[in-house]
Amino acid sequence: MRYDEPLFRPPSEADSLIFQVTLGCSHNACVFCAMYRSKTYRARPLEEIASEIGRAARNAPDISRVFLADGDALAAPTPFLLEILQMLGKSFPRLRRVSLYATPQNLLAKSPSDLVALHEAGLQMFYLGLESGSATVLKAQAKGVTPEQAVDAVRKGHAAGLRSSIMVLLGLGGVDGTTEHANATAETCNEMQPLYLSALTWMPVPEAPLWRLMERGGFRLPDDDGILAELELLIRRLDLRDTVFRANHASNPLPIGGRLSRDRASLLEAVAAARAGQLRLRPRLLRGT
Ligand code: SF4
């Protein structure tokens, strides 16, 4: 498969076959994000995608998982996505799961019946970057939605039968906003009750406008202990019934994860041990975005 680089996918989609049905991100404005700065958002021609699916089906007919890239494939028109999902269903008899990245804006723009149709055609799950539940942080980062809109969007997806994997970014409130960021993020995630919740850590990248703000002294990123303190507060405030929680992304200083309803105490113990210097943090050189 030839891809239009850069190509991103969630870590848990490492074994999925990726089809780039859209390029870039339809929002492409978040201050901390540099992922798709080099691309202009567009849906790719259906004929190209059809030919890639046909080729993949001939070479690897037993594929069971597919991820639709790029940054927010759900921005594409519903009939276009339905056609792709139908092609995938016909081409891969063992297909069990199709997932994609979605923004709250994408979900809010679709009608409930569109989302149900997409689910019935094979779409199982969306990955959504909430980043923060704080209205102040979301505004400062130009995320384009309020926490309330993000909650409505995720609930709308759930109501259509879709499963959710939500990502939040430790450090995004800066040193000054760390407490508000953690508290409000926990509160917003509690409203969402996602199936999966991942806490990543913001890694400064020179192409992101937030990097330039940081260089000018307008944003202070918490140090490792500040990130761990934020993680600790987040875990304490989360009230999730059946969510799998992960903070094991390559960007995190301390890789941990578990089911919060069962493992909260051990997660908090691990964070406390790391803060006390009893657990080794991931070396900085080995951290990545
Ligand atoms: S964070 Fe997501 S929505 Fe924001 S610009 Fe990056 S890819 Fe687009």
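Residues numbered from 1 in each chain as written. Predicted model: local features only at pLDDT ≥ 70, side-chain atom pairs only at ≥ 80, totals over all residues. Heavy atoms only, no water.

**Some details on the overall build of the protein**
Rule in force here: To qualify as a helix, a DSSP run of H or I must reach at least 4 residues; to qualify as a strand, a run of E must reach at least 2; elements of each kind are numbered from the N terminus. In this setup the radius of gyration rests on C-alpha atoms only. A globule is expected at 2.2 Å times the number of residues raised to 0.38. Per-residue accessibility, obtained with a 1.4 Å probe over protein chains only, is compared with the maximum for each type, and a residue is labelled buried under 20%, exposed over 50%, and partly exposed between these values. The contact criterion used throughout is that any non-hydrogen atoms of two residues lie within 4.5 Å. Only four residue types enter the charge count: Lys and Arg as positive, Asp and Glu as negative, with His and the chain ends excluded. Charge positions are represented by NZ for Lys, CZ for Arg, CG for Asp and CD for Glu.
In terms of helices and strands, the protein carries 10 helices and 10 strands. For 289 residues, the compact-globule estimate of 2.2 N^0.38 gives 19 Å, and the protein sits close to it at 19 Å. If one aligns the C-alpha atoms of the protein with their principal axes, the spans along those axes are about 55 × 45 × 35 Å. Out of the 289 residues in the protein, the part that is buried amounts to 51%. Long-range contacts, defined here as pairs at least 24 residues apart, represent 78% of the contacts in the protein between residues at least 6 apart. Here the protein contributes 34 positive and 31 negative side-chain charges, whose respective centroids are spaced 3 Å apart.

**Some thoughts on the packing of aromatic side chains**
To keep things clear, this is the line we draw: Any two rings among Phe, Tyr and Trp, with Trp reduced to its six-membered ring, count as a pair given centres within 6.5 Å; such a pair is stacked if its planes are under 30 degrees apart, edge-to-face if over 60, and tilted if neither.
Enumeration over the complete set of coordinates arrives at 6 aromatic pairs. Seen from their ring centres, F67 and Y127 are 6.0 Å apart, and the 75 degrees between their planes marks the pair as edge-to-face. Taken together, the residues span a long stretch of sequence, with F67 in strand β4 (residues 65-69) and Y127 in strand β6 (residues 123-131) at a distance of 60 residues. Ring centres of W202 and F219 lie 6.0 Å apart, and the angle between their planes is 90 degrees; on these two criteria the pair is classed as edge-to-face. Of the two residues, W202 sits in the loop between β8 (196-201) and α8 (209-215) while F219 sits in the loop between α8 and α9 (224-237), which places them 17 residues apart along the sequence. The rings of F67, Y101 and Y127 are connected pair by pair, giving a single aromatic cluster.

**Observations concerning the environment of L279**
Along the polypeptide, L279 turns up in the segment after α10 (260-275). What makes L279 partly exposed here is its relative accessible area of 36%. Spatially, the C-alpha atoms of L279 and L88 are 45 Å apart, while their sequence positions differ by 191 residues.

**Focus: the site of the ligand**
Counted only if it meets this: Any residue with a non-hydrogen atom lying within 4 Å of a molecule or strand is treated as near it. Residue type decides the class: Asp, Glu, Lys and Arg count as charged, Ala, Val, Leu, Ile, Met, Phe, Trp, Tyr, Cys and Pro as nonpolar, and the leftover types, Gly among them, as polar.
Inspection of the region around the ligand gives C25, N28, A29, C30, F32, C33, Y36, T103, E131 and K143 as its neighbouring residues. Split by residue class, the shell around the ligand holds 6 nonpolar, 2 polar and 2 charged.

**A short note on helix α7 (residues 178-192)**
Here is the rule we go by: Multiplying one less than the number of residues by 1.5 Å gives the expected span of a helix.
Spanning 15 residues, α7 covers 21 Å between terminal C-alpha atoms, matching the ideal 21 Å at 1.5 Å per step. Taken together, the buried positions of α7 are occupied by T178, H181, A182, N183, A184, T185, A186, T188, C189 and M192. Of the surrounding elements, those touching the buried residues of α7 are β6, α5 (135-140), α6 (147-159), β7 (163-170), β8 and α9. Q193, located one to two residues past α7, shows a positive phi value of around 50 degrees.

**Brief notes about the sheet that holds strand β9 (residues 244-247)**
This is how it is decided: Think of it this way: DSSP has to see at least two bridges between two strands before they count as a pair. Structural elements are reduced to axes, namely lines fitted to C-alpha atoms, with helices fitted over the stretch in contact, and the angle between N-to-C directions of any two is expressed from 0 to 180 degrees.
Read from one edge of the open sheet, 8 strands run β1-β4-β5-β6-β7-β8-β9-β10, paired in mixed fashion. Lying at the two open borders of the sheet, with one neighbouring strand each, are β1 (17-20) and β10 (256-259). Across the sheet, the axes of successive neighbouring strands diverge by a mean angle of 20 degrees, strand direction being ignored. Packed on one face of the sheet, α7 meets β6, β7 and β8 and runs near 180 degrees to β7.

**Some remarks on the environment of S38**
Relative to the helices and strands, S38 is located in the loop between β2 (22-23) and β3 (42-43). Taking the C-alpha atoms as reference points, S38 and N28, separated by 10 residues in sequence, lie 9.8 Å from one another.

**Quick look at the side chain of S251**
Heads up, the condition is: Any pair of N or O atoms that falls within 3.5 Å is considered a polar contact. Within protein, one atom must be able to donate a hydrogen and the other to accept it, and sequence-neighbouring residues count only if both atoms are side-chain atoms.
Tracing the chain through its elements places S251 in the loop between β9 and β10. Residue classification places S251 among the buried residues on the basis of a relative accessible area of 1%. There is a polar contact of 2.7 Å between the side chain of S251 and the side chain of H249. Setting aside chain neighbours within four positions, we find S251 in contact with L200, T201, M203, R287 and G288.

**Some words on the nonpolar core**
As a reminder of what qualifies: Nonpolar cores are built from buried Ala, Val, Leu, Ile, Met, Phe, Trp, Tyr and Cys residues. Side-chain atoms within 4.5 Å join them into one set.
One finds F19, L68, L231 and F245 to be the most contacted residues of the largest nonpolar core, which totals 62 residues. The element best represented in this core is helix α2 (residues 78-91), accounting for 7 residues. Every residue in contact with F19, bar those within four places of it in the chain, is listed here: M1, E52, I53, A56, V66, F67, L68, A69, L88 and F92. Of all hydrophobic cores here, the second largest spans 22 residues; its members include C30, F32, Y101 and L210.

**Considering the pairing of β7**
Of all 8 residues making up β7, 7 are buried, and the element is well covered by its neighbours. Summarising the sheet, β6 and β7 pair through 6 bridges and their orientation is parallel. By the bridge assignment, F126 is partnered in β7 with S164. As judged from the 6 bridges shared by β7 and β8, these two strands associate in the parallel manner. Residue pairing in the sheet places V168 in a bridge with A199 of β8.

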